[in-house]
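Now for the letters of each chain:
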Amino acid sequence: MINIYLLSILFSVLFLIVILELVRRRKLKEQYSLLWILMGVLLLIISMNVRLIEKLAIWLHIEYAPALLFLFGLLFCFVFILHLTLVVTKLSQQVLRLTQVITILKGKESDLHEQHQ
């Protein structure tokens, strides 16, 4: 039977390899990869330090210490989803502005076209 901490370490290493490979192949931008790499390294460090997890679990009154690993992962997902939501909101506003500018330019172009006829 595999230990949950060993599984977490293996997952962290595999996760870091996948992230670095995605960056190398230019499928993931560096600005986003930094957050993922930070998460992978943090998870690896936490997974390798069983005593730290157990102390944190006791301090947080968590009965099953490995559940803390999943809590960290879940919290990271929430933070990253919030970040992506902010990025999408900003991009949506930019698309709206660009659409308005294009509409105005097309209107001016058709006005110029009508004046020359």
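Residues take numbers from 1 onward in each chain, read along the sequence in its written order. Local features are withheld for residues below a pLDDT of 70 in this predicted model, meaning they are given only at 70 or higher, and side-chain atom pairs are given and counted only at 80 or more; totals for whole chains, interfaces and linings count all residues. Excluding hydrogens and water, the side-chain figures rest on all heavy atoms present in the structure.

### A look at the packing of helix α3 (residues 50-59) against helix α4 (residues 67-115)
Thinking step 1. Relative to each other, α3 and α4 sit at 80°, their axes nearing to 9 Å. The orientation of α3 with respect to α4, classified from their angle, is roughly perpendicular. Note on element contacts: α4 touches α3 through Leu 68, Leu 69 and Phe 72, opposite Ile 53, Leu 56 and Ala 57.
Thinking step 2. Only Asp, Glu, Lys and Arg are considered charged in this grouping, and only Ala, Val, Leu, Ile, Met, Phe, Trp, Tyr, Cys and Pro are considered nonpolar; every other residue, Gly among them, is considered polar. The residue inventory of the contact of α3 with α4, partitioned by class, reads 6 nonpolar, no polar and no charged. Axis lines are fitted to C-alpha atoms, over the contacting stretch for helices. Their N-to-C directions set the angle, which ranges from 0 to 180 degrees. The way it works is that DSSP assigns letters per residue, a run of H or I at least four long becomes a helix, a run of E at least two long becomes a strand, and they are numbered from the N terminus. Our angle categories are set so that under 35 degrees counts as roughly parallel, over 145 as roughly antiparallel, 65 to 115 as roughly perpendicular, and the remainder as oblique. Two residues qualify as a contact provided that any one of their heavy atoms is within 4.5 Å of a heavy atom in the partner residue.

### Concerning the packing of helix α1 (residues 4-24) against helix α2 (residues 30-48)
Thinking step 1. Running from N to C, α1 and α2 cross one another at 160°; their axes reach a closest spacing of 9 Å. Classified by the angle their axes make, α1 and α2 are roughly antiparallel. Seen along the crossing, α1 lies across α2 with a hand that is left-handed. Each of Tyr 5, Ser 8, Ile 9, Phe 11, Ser 12, Val 13, Phe 15, Leu 16, Ile 19, Leu 20 and Val 23 in α1 lies in contact with α2, whose residues at this interface are Glu 30, Ser 33, Trp 36, Ile 37, Gly 40, Val 41, Leu 43, Leu 44, Ser 47 and Met 48.
Thinking step 2. Here the residues of the contact of α1 with α2 sort into 15 nonpolar, 5 polar and 1 charged. For a crossing to be left-handed, the near helix must be turned anticlockwise from the far one by less than a right angle; the clockwise case is right-handed.

### Focus: the packing of aromatic side chains
Thinking step 1. Two rings from Phe, Tyr or Trp (for Trp, the six-membered ring) form a pair when their centres sit within 6.5 Å of each other. Planes less than 30 degrees apart are called stacked, planes more than 60 degrees apart edge-to-face, and all others tilted. In total, this model carries 5 aromatic pairs according to the counting rule given.
Thinking step 2. Pairing Phe 11 with Phe 15 gives two aromatic rings, centres 5.9 Å apart and planes at 25°, and the pair type is stacked. Residue Phe 11 and its partner Phe 15 are both found in helix α1; the two are separated by 4 residues, about one turn of the helix.
Thinking step 3. Classification of residues uses two cut-offs on accessible area relative to the type maximum, computed with a 1.4 Å probe and protein chains only: under 20% is buried, over 50% is exposed, and between them is partly exposed. The class of Phe 11 is partly exposed, set by a relative accessible area of 48%.
Thinking step 4. Considering the side-chain rings of Trp 36 and Phe 76, the 5.0 Å spacing of their centres and the 65° angle between planes classify their relative orientation as edge-to-face. With Trp 36 in helix α2 and Phe 76 in helix α4, the pair connects residues that are 40 residues apart, well separated along the chain.
Thinking step 5. Exposure remark for Trp 36: the relative accessible area of 21% places this residue in the partly exposed category.
Thinking step 6. Exposure remark for Phe 76: the relative accessible area of 11% places this residue in the buried category.
Thinking step 7. These aromatic residues form a ring-pair network of at least three members: Phe 11, Phe 15, Trp 36, Phe 76 and Phe 80.

### Brief notes about unusual backbone geometry
Thinking step 1. If you check the backbone angles, Arg 26 has positive phi at about 60° while not being a glycine.
Thinking step 2. Assignment of secondary structure puts Arg 26 in the loop between α1 and α2.
Thinking step 3. Given a relative accessible area of 66%, Arg 26 falls into the exposed group.

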